[in-house]
Amino acid sequence: MLIGQFYGTSAAEGIPAPFCRCPVCLEAREKKGKYQRKRSSFRLSDSIILDLGADAVTQSFDYGDFVDIDHVLVTHTHDDHLNPHMMMEAFWGARCGYRDTPLHYYMTEQAYEIVDAWRQNRWVLKGMVPGWEKENIVEFHKLQYGERTEIDGIGVTPFRGNHVGNMRETSALYLLELPDGRNLFYGLDSGRYFPETIEALSKHRIDIFISESTGGARPTAPESTHMNLEDVRQLVDVLLAQGTLHKDSVLYLTHINHHTGHDEMEKVVRRLHFPIETHVAYDGLKIL
Ligand SMILES: [Zn+2]
Ligand SMILES: [Zn+2]
Ligand SMILES: [Zn+2]
């Protein structure tokens, strides 16, 4: 069953950021609700989640247990998106008798090298990862950019993002073909898209576009590996012109850092006159 819920919509620091008293973080501490953002994660369906990151345990307090999650699509290996401790949680779930299938992790090409680091280092989860693989607690899969695979009824194709993870890999932006025929694109983290990615996307249609917008209203250097709202606006123009997006596509902005508060995000979105329906996402928002 599709769920389509944002479990977290912040950039790496979270809002409020623990060591910060800037106006955005102060407002989040006071008003809570949509002003607070946990680290980015999106529950696509009962069985599929995009990233199990730094806030996964408290996200399960908010949105219910993770017992039915079997597949984790990893965007990249930064700690805010990929929290190895969640394998330990899956192990405990199995020990308590609530799970009898592995938690499958999917990573692209070079990101997959983190699996060997997990297998070989005793300081990662007390060296238990190889044992958990043997016991079918976890299983790892390598995906190739541009190659489609099917995971529990969802077509999944990763595209190369302009963002460098801990293994020096590029990030994976996921095109997800939903059972109802709509295509959802989960685009984080990335700076301005590589020409090869724009070109590869020209052969696809996106109905629901979830984009990072880390820099919000702030200027972002062209070489940055994140985007601000103006960068996303330009990207939408390009994708619209080549038919990847269409007039009925809907855009959701996520992965937002603590320099732009929720209300200001909405204000700048209005000022920039996005040509398609556009929403600033918030934690708990359900879109499917
Ligand atoms: Zn991130
Ligand atoms: Zn702050
Ligand atoms: Zn990142």
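If you're wondering where the values come from, they're calculated on a predicted model, not measured in any experiment. (Residues numbered from 1 in each chain as written. Chains lettered and ligands numbered in written order. Predicted model: local features only at pLDDT ≥ 70, side-chain atom pairs only at ≥ 80, totals over all residues.)

(A) Representation of the overall build of the protein. When helices and strands are tallied, the protein shows eight helices and 13 strands. Relative to the globule expectation of 19 Å for 288 residues, the C-alpha radius of gyration of the protein, 18 Å, shows essentially globular dimensions. Considering the protein as a whole, with its 288 residues, one finds that 46% of them fall into the buried category. Here the contacts in the protein between residues at least 6 apart in sequence split such that 68% fall between residues at least 24 apart. (Helix = DSSP H or I, 4+ residues; strand = E, 2+ residues; numbered from the N terminus. Rg over C-alpha atoms; globule rule 2.2 N^0.38 Å. Buried ≥ 20, exposed ≤ 12 C-beta atoms within 10 Å, placed from the backbone. Contact = placed C-beta atoms within 7 Å.)

(B) Inspection of the sheet that holds strand E13 (residues 277–280) at higher detail. Taken together, seven strands build an open sheet; the order of strands is E7-E8-E9-E10-E11-E12-E13 and the sheet is mixed. Across the chains shown, the open sheet's two edge strands, defined by having one partner strand only, are strand E7 (149–151) and E13. For this sheet the average axis-to-axis angle between neighbouring strands, irrespective of direction, equals 25°. Pairing of strand E11 (residues 208–212) with strand E12 (residues 250–254), which is carried by five bridges, proceeds in the parallel orientation. Bridge assignment links serine 211 to a residue of E12, and that residue is leucine 253. In the packing of helix H8 (residues 262–271) onto the sheet, the strands contacted are E12 and E13, and the crossing angle to E13 comes to about 165°. (Pairing = 2+ DSSP bridges. Axes fitted to C-alpha atoms, helices over the stretch in contact; angles between N-to-C directions.)

(C) Structural detail: the nonpolar core. By size, the foremost hydrophobic cluster in this structure holds 66 residues, and its most contacted members are Tyr174 and Tyr186. If we ignore the near neighbours within four places in the chain, the residues touching tyrosine 186 are Phe42, Leu50, Leu173, Tyr174, Leu176 and Ile210. (Core = buried A, V, L, I, M, F, W, Y, C linked by C-beta atoms within 7 Å.)

(D) Up close: helix H7 (residues 229–241). Relative to the 18 Å expected for 13 residues at 1.5 Å per residue, H7 spans 18 Å between its end C-alpha atoms, a close match to the ideal helical length. The set of residues buried in H7 consists of Leu229, Asp231, Val232, Leu235, Val236 and Leu239. Buried residues along H7 cover an arc of 150° about the axis, so they all sit on one side. Where the residues of H7 are buried, they touch helix H6 (195–201), E11, E12 and H8. (Expected span 1.5 Å × (residues − 1). Arc of directions from axis to C-beta.)

(E) Spatial organisation of the sheet that holds strand E4 (residues 71–73). One open sheet holds the six strands; their spatial order is E1-E2-E3-E4-E5-E6, and the pairing between them is mixed. The open sheet terminates on both sides in strands that have one partner only, identified here as strand E1 (2–8) and strand E6 (138–143). Neighbour to neighbour, the strand axes of the sheet diverge by 20° on average, direction disregarded. By the bridge criterion, three bridges tie strand E3 (residues 48–50) to E4 in an arrangement that is parallel. Of the residues in E4, the one forming a bridge with leucine 50 is leucine 73.

(F) Quick look at the environment of arginine 182. Mapped onto the fold, arginine 182 is located in the loop between strand E9 (170–177) and strand E10 (183–187). The partly exposed category is assigned to arginine 182, around which 16 C-beta atoms lie within 10 Å. C-alpha separation for the pair arginine 182 and threonine 149, spaced 33 residues apart in sequence, amounts to 16 Å. In contact with arginine 182, not counting residues within four places along its chain, are Asp207 and Ile208.

(G) Looking closely at unusual backbone geometry. Each neighbour pair has its own omega, and for isoleucine 15 with proline 16 the value is 0°, a cis peptide bond. Note that proline 16 resides in the loop between E1 and helix H1 (23–31). Even without glycine at this site, aspartate 51 takes up a positive phi of about 70°. Tracing the chain through its elements places aspartate 51 in the loop between E3 and helix H2 (56–63). We note that leucine 125 has phi near 55°; this positive angle belongs to a residue other than glycine. Note that leucine 125 resides in the loop between helix H4 (113–120) and helix H5 (129–134). Taking the number of C-beta atoms within 10 Å as the measure of exposure, leucine 125 has 16 and is therefore partly exposed.

(H) Main features of the pairing of strand E5 (residues 103–108). The element E5 is extensively covered by neighbouring structure, given that five of its six residues are classed as buried. The pairing of E4 with E5 spans three bridges and is classified as parallel. Residue pairing across strands places leucine 73 opposite tyrosine 106, the latter belonging to E5. For E5 and E6, the ladder comprises six bridges, and the chain directions are parallel.

(I) Summary view of the environment of tyrosine 282. Tracing the backbone shows tyrosine 282 in the segment after E13. When the C-alpha atoms of tyrosine 282 and glutamate 109 are compared, they prove to be 31 Å apart, with 173 residues separating the residues in sequence. If sequence neighbours within four positions are ignored, tyrosine 282 has contacts with Phe6, Thr9, Lys34 and His262.

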